[in-house]
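Letter by letter, the chains look like this.
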Amino acid sequence: MTERYDTVEELDADATAAFRELMYRLADDEYVIAERDIEWQIYAPTLESDLALANIAQDELGHARLWYEVLKDFGYDETDLIWERDADDFTHSTLVEQPFAEGDWADAIVRAYLYDVAEDIRLHALQHSTFGPIRDRVGKVLGEEDYHLEYATNWLERLAADDEGRENIQDAVDRLYPYALTLFEPTDEEVEATIVESGLRGEDLVELRDTWHDRVGDFFESIGIEVPGMDLPDQYDVHISPNELPEHLGRDGDHTEHWASLLDEMTEAYDELGRDYATHIMDGDE
C-alpha cells in the first residue's frame, strides 16, 4: 500500500519538489483562466451568460486560492505567489493566456470546454492522492467544475444548431486545440515521473491527455466538429509529438507575447498602490 502524507514535512526532497510543481500548475491555470474570463463581463451575448461566466471566473479564482494556500507551508505568501512573481516563473498552459478573438463567443466557449474537460479528468486523477491536503480540496473543486463543464457543453450544443455557429466553433477548435494540448505537457520529465511514482496524482500526463482527446473528440464529432488527430508511434510514451504543439508551452515558463501584458493588467492596481503585501485571496480559510 502506498504511504500517505498529511504535511509537506513528511515528503522527501524529490516528492517535495514534485508536489510544489503540481500545485503551481493547478493554481496558475485556474488563476489565469479566471482573469481571461473576467474580460467577458458586460460583453457576453445575454445577461444570463454574462452572470454565469462571472460566477465561473469567481469559482476559478477560489480554486486557485485553494491550491496556492497549500504552498504557504513552504513559507510563501500571496506576494510571492502572484503579485511579485516574475512572468517566466508562472507555469500555466498557454491555452489560458491566449486573448479572445474579438467578439467571438465561440472562442470563449470552446476554450472553456477544452479546459473544463481537462480539469475534470485531472481532478479525478487526484481524488486518491497520497497527500491529504490535495484529497481534501478535490471534492469542493470537482463539485463546481461539474457546473462549468455543463455550462460549456450546453452552449456548444446551442451554437452548433446552425451552419454559422458550427463554422465559428470549428474555427475556434482549429485555433485553440494545439494550445489545449499544452495542458498535458510536463514541467519537467523527472518531476512528472515523481508526481506519479509518489502517488500525488494517480495517472501520468500521457494517460490524462489520451482520455481527454478521446472525450472531446467524441463530443465534437457528435455536433459536427472535427478535432485534429494525434497519430503517434506506439513507442511514443512521454508526451505528444512536438510537431503537434505550439511554439510556446507555458509549463516550462516559456509563454506567448500575450502573457506579459496580461500579468501587467493583473498586477496594475497592486503596483500603482505601491504595496509590498497582499490583503485578500488567501486571508482565512474557506
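Our structure is the block above this text.
What counts, and at which threshold
Residues numbered from 1 in each chain as written. Predicted model: local features only at pLDDT ≥ 70, side-chain atom pairs only at ≥ 80, totals over all residues. Heavy atoms only, no water. Core = buried A, V, L, I, M, F, W, Y, C linked by side-chain atoms within 4.5 Å. Buried < 20%, exposed > 50% of the residue type's maximum accessible area, 1.4 Å probe, protein only. Helix = DSSP H or I, 4+ residues; strand = E, 2+ residues; numbered from the N terminus. Contact = heavy atoms within 4.5 Å. Expected span 1.5 Å × (residues − 1). Polar contact = N/O pair within 3.5 Å; in protein donor to acceptor, adjacent residues only side chain to side chain. Salt bridge = Lys/Arg side-chain N within 4 Å of Asp/Glu carboxyl O. Phe/Tyr/Trp six-rings, centres within 6.5 Å; stacked < 30°, edge-to-face > 60°. Axes fitted to C-alpha atoms, helices over the stretch in contact; angles between N-to-C directions. Parallel < 35°, antiparallel > 145°, perpendicular 65-115°, else oblique. Left-handed = near helix turned anticlockwise from the far one by under 90°.

Peer 1: Describe the nonpolar core, and please don't skip the residues or the numbers.
Peer 2: The tendency in soluble globular proteins is for nonpolar side chains to be buried as a group. By size, the foremost hydrophobic cluster in this structure holds 85 residues, and its most contacted members are W105, I134, I169, W212 and F220. Counting residues per element, this core draws most heavily on helix α5 (residues 105–124), which supplies 13 residues. Other than its neighbours up to four places away in sequence, W212 contacts L114, V117, A118, I121, Y177, A180, L181 and F184.

Peer 1: Let's hear about helix α7 (residues 163–181): which residues, and what values?
Peer 2: An ideal rise of 1.5 Å per residue puts 27 Å on 19 residues; α7 measures up with 27 Å between its terminal C-alpha atoms. All of the buried residues in α7 are G165, I169, Q170, A172, V173, L176, Y177, A180 and L181. Here the buried face of α7 lies against α4 (94–97), α5, α6 (132–159) and α9 (205–222). Its side-chain oxygen 3.2 Å from the backbone nitrogen of E164, D162 forms the N-cap of α7.

Peer 1: Before we move on, can you summarise the pattern of salt bridges with the specific residues and values?
Peer 2: For the structure shown, the criterion picks out 14 salt bridges. The partner of R36 in a salt bridge is E39, with the nearest N and O atoms 2.6 Å apart. Of the residues examined, R36 reaches a relative accessible area of 6% and is grouped as buried. D210 is the partner of R209 in a salt bridge, and the nearest nitrogen-oxygen pair spans 2.7 Å.

Peer 1: If you had to explain the packing of aromatic side chains to someone new, which residues and values would you point to?
Peer 2: Summed over all chains, the structure comprises 15 aromatic pairs. Here Y31 and Y68 contribute two aromatic rings whose centre-to-centre distance is 6.3 Å and whose plane-to-plane angle is 65°, an arrangement assigned as edge-to-face. Taken as a pair, Y31 in helix α1 (residues 13–38) and Y68 in helix α2 (residues 47–70) lie far apart in primary sequence, 37 residues in all. Among the residues examined, Y31 registers a relative accessible area of 3% and is labelled buried.

Peer 1: Describe the packing of α2 against α6, naming the residues involved and giving the relevant values.
Peer 2: Direction vectors running N to C along α2 and α6 enclose 160°, while the axes themselves pass 11 Å from each other. Taken as axis vectors, α2 and α6 run roughly antiparallel relative to one another. As for the relative orientation of α2 and α6, their crossing is left-handed in sense. Of α6, the residues touching α2 (which contributes S49, A52, L53, I56, D59, E60, H63, L66, W67, E69 and V70) are P133, I134, R137, V138, K140, V141, E144, E145, Y147, H148, Y151 and W155.

Peer 1: I'd like to hear about the packing of α1 against α6, residue by residue, with values.
Peer 2: Remark: α1 packs on α6, axes separated minimally by 14 Å, with the N-to-C direction vectors making an angle of 20°. Here α6 runs roughly parallel to α1, going by the angle between their axes. Pair α1 / α6 crosses with left-handed handedness. For the pair α1 and α6, contact is made by F19, L22, M23 and E30 and by I134, V141 and E145, respectively.

By themselves, these are just geometric observations and shouldn't be taken as functional.
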